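Chain by chain, the residues:
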Amino acid sequence: MKIFKKHTFWLVLIIALASFLRLWRLDKNPPSANWDESSIGWNAYSILKTGRDDFGQFLPLSFRSNDDYKTPLYFYLDVPFVKVLGLNLWSVRLPSALSGIASVYLTFVLVNLLFAKQKIALLSALFLAISPWSIHFSRGALEANLTIFFNLVATIFFIKGLKNPRYFVLSAVVFGLSLFNYLIPRYFLPFYIGGLFILYRKELVNKKVAISIFVVIFLIFAIPIVKNLLTPSGQIRSLGVSIFNNPSKGDRLSFYRDISAQKIQEDLSSPHPPKLPEIIHNRRYYALLLVLRGYLSHFDFNYLFLPGGILVYQTPEFGLMYLSEFPLIVAGLYFLIKKKEAGWKLVLLWLLIAPLVAAPTTSTPHASRSILMLPMLQVVTAYGASHLYTVLRKQKLGIVLVGTFILVFALNFSFYVHQYFVHYPREFSFYWQYGYEDLTKYLNENRKGYRKFIFLPKITRLTDHAHIFLLFYNKYDPATYLASGGTKLCDFGLTGRFSFDKYEFKTEVCDFKKNDKLDIFRGFEPDSLVIANPDDYGGGLLGFPAPVKTFYLYDSSTPVFKVYRSDDIMEYVQTHPEFVPKPV
Amino acid sequence: MRLLKPNLFLVLIIFLAAFLRLYKLGDNPPSLYWDEVSLGWNAYSILKTGNDEFGRHLPVDAFTAFGDYKPPLYIYMVVPSVAIFGLSEFAVRFPSALFGTLTVILAYLIVFKLYKKKSLAQAVALLVAISPWHIQVSRAAYEANLGLFFTILGVWFFLESVDRFRGAIVLSFLSFLASAYTFNSNRIVAPILIAFLFVIYFKKIVLRWFLLALAITVIFSLPLLKHLKTPEGQLRFQEVSIFNNLETVKMSNIRKSVDANSWFANIIHNRRVSFSLDFLSHYFSHFEGKFLFISGDVNPRLSIQDVGSLYLVELPFLLSGFYFLIKNKEKGSWVVFLLLAVSPIPAGIAKETPHALRALLLVIPLEMIVGYGIYNLWQGISKKTEAYKKVWIFTLGALFIFSVILYQENYWKHYPKEFSSEWQYGYKELVGYVNSVEDKYDLIRISEGYGRPYIYFLFYTKDDPAKFYSQVDRFRDDQGFYHVKGFGKYQFGQFNWENPPEGKRVLDITYAPNSHLELKPIKTIYLLDGKTLFNIYSSENVPKQK
């Protein structure tokens, strides 16, 4: 059969596999819209209807969203999807899922461009198609996933530009656009584009005009970003995750400024060679160690191949790559360095710069901030697989070994698919803030009987952004919402209680008065429902009124919300003067 | 020695190694931590009476000590040391420092045997000599360090038996046996190493000698095996093992039930699958950048925290070393890979990882690979121009010298101050003070919470061990550990100040966090960083209760 020799046949098969893994039950797993997805979805809906975000900003370049000031591109990309499919999980997640599928194809294109070997290009695409890391990020509305897509497109154009400089324009535009999607490219691209210029300096020598145009276009995109980065609200996100600003207890090195100062002082108080204390205890040296620690952590075996690390990003029993990929990637690195085929430097450049951005942040290693290790990890794996096969093919029993390995890999993959589709939603629904869909439905059914629905602080356990889920699951009309004042968050010193429709939100900052802990329970309207976390505000206390309804996580056994009648609580508070409501 | 004669550079390395390990050995680390004191005093007890702390005559399987059943060999090594130097910090640590220095020589010998390249062997010996990991463990009484020596000695004798003197295999086995009598991890490492060495050198092994060696080893390991079969012998293993995590079992049962307990669920959700992944995670944690290059073991007794297990500058050479090991495919590299692969196994089945003691063997293959990297890079560079060569040597030398200075400066000037409490600093001063005033008191009560005070009182008072056996009052807790409640005038535990025993003059020594704020101590003992460690109160000063 001639058809099997054709790479297009295999490529179509791989893309079909990638699509299946990224689209099948996309609205059911992950099991619910998390707060980012709700915010992206409803804001896209609101942009579509009113041109404004939930704070009333007209076509913002930075969405305040859940107070994390998100980059705008995903929101705007989502608008047509919401227009066509309506506001639901499909329309929210599709941009990410489709970009994940496209990345599989683009990986094939790029690798073929670099190594001119279709076998390696196909294998790279295959490994990306089945990559747990890629699948995970493609199935949620995660802006991080789009960075892979943009970087692949821009790089392909860049390399094509080496032959035909017109492509540089496209490359610069896509690089520029990606600055508006996720914070990572803002820090990654200066290193990466600089690296590209150095890597291809010989080819670029006589393309001064093309380079100038490339730089100018990129700068046009970059200027608003740089301007934004100079404002406090532009810095808030980056500073909030910087390890230099957030030393953590129990992490000695993160207090490096104190250690350095202490040691220099100790040295200066006794005889010492001139300058030595300042040199060897220089705080910059410690800062370097700190960054390097974060950087190296992205190459830890445990991080890449085993469960652990940040829970939000993992599948039970799996790491970000398959254990079976370990020997392949080791071989890949070895052969890549040994063979020095054209393109090997670009692969390593991309792969080695990717974790640099995540290195100086808290909670390293970080699967989202180092997302650009994809798809180069898979390319190296494919490179190793291909060359190992070439070596083993000639050995006695080599084919048996290869066959066995493929079988083991297939089992490994099937195990993953099982874990992801069966056990993942059960065990990790908490991290997708599961429960609001049921809750919204319940409240709608009980609209008639109650005057208000009162949400107590920390209701999502993460923070107080219950409103965004209600907006999303109710498909709440943006015009009505904005007319009632839009989102008013208390956390950053804004005052004024926040409510819309029948929903009223209590926050710790606004509703807890210093000397009056009970204040939060006063002024509850009668005939209302109060929604709280299961153990908060007396929920675990003996004799506390029984909830009228309890909601559970996807596993149907872990409670997430308890709903009380406000009259029950008021009565309890009045008859129990010793009661102090405290969030757990 | 014929071998050392034309090898001035090696002699210099050995002197450097010895200096780095022996200089002011009794003073830094600033004090003996509890295990060291226990080893020391048990050796002292053996020397004086032939019995251990429990009055057991010359134990060969294990010393009960705190109930942790310490392997015996290090203690027996301390006996002559105490006989010569007296019962002191130096004497307890001397075997570790001495055999640590000898390990540097062994590293040279073994690399030379594997690769037949003198400069490569010298490079590795030098790297081990200045290794922060190896210096750290050589400067305290760590059984693991003696175990490392015996392991490397065993490997060297094995290689010797393969290419020169067949009978050396008996010595090899005896060395491995000694390692098993020295440190728990070696009980796992030794048989695995022997098995793989047997496979690698199968063709060159004379079966007769091999069987003889095996027979001798089996006979001599009987007391140890017998001990390991007792509940006490298994206690330590149970305590640290990852395989008794109930959470894992629970999770696997939940997952099985979600999959309706089908046949495939019983395979894929078998707890052994989870445990295997757990093992891998602990095993590979020893190759993490943080452990290797940034700050080493999290336990400040095992790393000064300012430098990794290896120097940061060794990172590029470790990577290139790996590359060349694979590329050059030399026969000797099998042994390097073997050591590398086996070293983290015992630590891998234990809870706290990465662990600088249980995986100590790793330091040898890692430094071998770094050395191999430097050596092979140099092969390429030595073909280039003189100027290029000079720049390379200068840069490399400067980076290493800077690293060593940075490490040593921190080790000597800041480490003891910052981490003196980790070494249970303060007992020497405390016992000294108590001895000077104890005639005035009928009862001396020492509050627990800072290591095990009783062993320090034994160590620093140097009383007759026989007297201790006859007076000691102790009990065993449900974890299997022994606690000494008192002996002679001393009592250990938690005490209530409000009700001192009637009519007795009492000296109360209180660990700072439990101090009586309303009372004025008659004496305070401080840590090296200036924090209060003990407050000492006298019953004369207690206000009379109404």
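Rules used throughout
Residues numbered from 1 in each chain as written. Chains lettered and ligands numbered in written order. Predicted model: local features only at pLDDT ≥ 70, side-chain atom pairs only at ≥ 80, totals over all residues. Heavy atoms only, no water. Helix = DSSP H or I, 4+ residues; strand = E, 2+ residues; numbered from the N terminus. Rg over C-alpha atoms; globule rule 2.2 N^0.38 Å. Buried < 20%, exposed > 50% of the residue type's maximum accessible area, 1.4 Å probe, protein only. Areas by Shrake-Rupley, 256 points an atom, 1.4 Å probe, with all protein chains shown as cover. Lys, Arg positive; Asp, Glu negative; His and termini not counted. Charge placed at Lys NZ, Arg CZ, Asp CG, Glu CD. Axes fitted to C-alpha atoms, helices over the stretch in contact; angles between N-to-C directions. Parallel < 35°, antiparallel > 145°, perpendicular 65-115°, else oblique. Left-handed = near helix turned anticlockwise from the far one by under 90°. Contact = heavy atoms within 4.5 Å. Nonpolar A, V, L, I, M, F, W, Y, C, P; charged D, E, K, R; others polar. Core = buried A, V, L, I, M, F, W, Y, C linked by side-chain atoms within 4.5 Å. pLDDT = per-residue confidence, 0-100. Phe/Tyr/Trp six-rings, centres within 6.5 Å; stacked < 30°, edge-to-face > 60°. Lys NZ or Arg CZ within 6 Å of the ring centre and 35° of its normal. Pairing = 2+ DSSP bridges.

> Hey, could you go over the overall build of chain B for me, with residue numbers and the actual values?
Secondary structure summary: chain B contains 23 helices and seven strands in total. Its C-alpha atoms give chain B a radius of gyration of 26 Å, near enough to 24 Å, the size a compact globule of 546 residues would have. Expressed as lengths along the three principal axes of its C-alpha atoms, the size of chain B is roughly 90 × 65 × 50 Å. Here chain B, with 546 residues, has 58% of them falling under the buried criterion. Put simply, chain B shows about 23,200 Å² of open surface, and 63% of that area lies on carbon and sulfur atoms. Taken together, the 57 basic and 43 acidic charged side chains of chain B have centroids lying 10 Å from each other.

> How would you sum up the packing of helix H16 (residues 314-328) of chain B against helix H17 (residues 333-342) of chain B? Please name residues and give values.
All names here are of chain B. At a minimum axis separation of 10 Å, H16 and H17 run at an interaxial angle of 130 degrees. By the criterion of interaxial angle, the relationship of H16 to H17 is oblique. Classified by chirality, the crossing of H17 by H16 is left-handed. In this structure, H16 contributes Phe-322, Leu-325 and Ile-326 to the contact, and H17 contributes Ser-333, Val-336, Phe-337 and Leu-340. For the contact of H16 with H17, the class distribution of residues is six nonpolar, one polar and no charged.

> Tell me about the nonpolar core, and please be specific about residues and values.
Of all hydrophobic cores here, the largest spans 299 residues; its most connected members are Trp-133, Phe-188 and Phe-455 of chain A together with Trp-133 of chain B. Judged by nonpolar contacts, the second largest core, of 19 residues, contains Ile-130, Leu-328, Phe-413 and Tyr-424 of chain A.

> Could you give me a rundown of the confidence of the model for chain B, with the residues and numbers involved?
All names here are of chain B. Per-residue confidence for chain B gives a mean pLDDT of 92, with 97% of residues at or over 70. Within chain B, helix H11 (residues 231-240) has the poorest average pLDDT of any element, 81, and helix H6 (residues 132-138) the best, 98. Among the prediction metrics, the complex's ipTM stands at 0.92, with pTM recorded as 0.93.

> Report on the packing of aromatic side chains, specifying residues and quantitative values.
Aromatic ring pairs are described here by two measures, namely the spacing of the ring centres and the angle between the planes. Inspection of the entire model under this criterion finds 113 aromatic pairs over all chains. Considering the side-chain rings of Phe-188 of chain A and Tyr-192 of chain A, the 5.0 Å spacing of their centres and the 20 degrees angle between planes classify their relative orientation as stacked. Separated by four residues within a single helix, Phe-188 of chain A and Tyr-192 of chain A lie in helix H9 (residues 184-199), roughly one turn from each other. With centroids separated by 5.0 Å and ring planes inclined at 80 degrees, the aromatic side chains of Phe-85 of chain B and Phe-90 of chain B adopt a geometry described as edge-to-face. Judged by its relative accessible area of 37%, Phe-85 of chain B falls in the partly exposed class. On the basis of relative accessibility, which here comes to 26%, the residue Phe-90 of chain B falls in the partly exposed class. Across the ring face of Tyr-33 of chain B, the terminal group of Arg-301 of chain B is positioned such that the distance to the ring centre comes to 4.2 Å.

> An account of the packing of helix H4 (residues 89-115) of chain A against helix H18 (residues 344-358) of chain A is requested, with residue identities and associated values reported.
Residue and element names in this part refer to chain A. At a minimum axis separation of 9 Å, H4 and H18 run at an interaxial angle of 135 degrees. Viewed along their axes, H4 and H18 adopt a mutual orientation that is oblique. Contact residues: H4 offers Leu-110, Leu-114 and Phe-115, while H18 offers Trp-344, Leu-346, Val-347 and Trp-350. Across the contact of H4 with H18, the residue classes break down as seven nonpolar, no polar and no charged.

> A description of the sheet that holds strand E1 (residues 453-455) of chain A should follow, citing residues and the corresponding values.
All names here are of chain A. Strand order in the open sheet formed by six strands is E2-E3-E1-E4-E6-E5, and the pairing between neighbours is mixed. Each of the sheet's edge strands pairs with one partner strand only, and the pair in question is strand E2 (498-500) and strand E5 (549-552). The average angle at which neighbouring strand axes cross in this sheet is 20 degrees, direction not considered. As judged from the three bridges shared by E1 and strand E4 (residues 529-532), these two strands associate in the parallel manner. Across the sheet, Phe-453 pairs through a bridge with Leu-529, a residue of E4. Sheet contacts for helix H25 (residues 566-575): E4 and strand E6 (559-565); angle to E6, the most-contacted strand, approximately 80 degrees.

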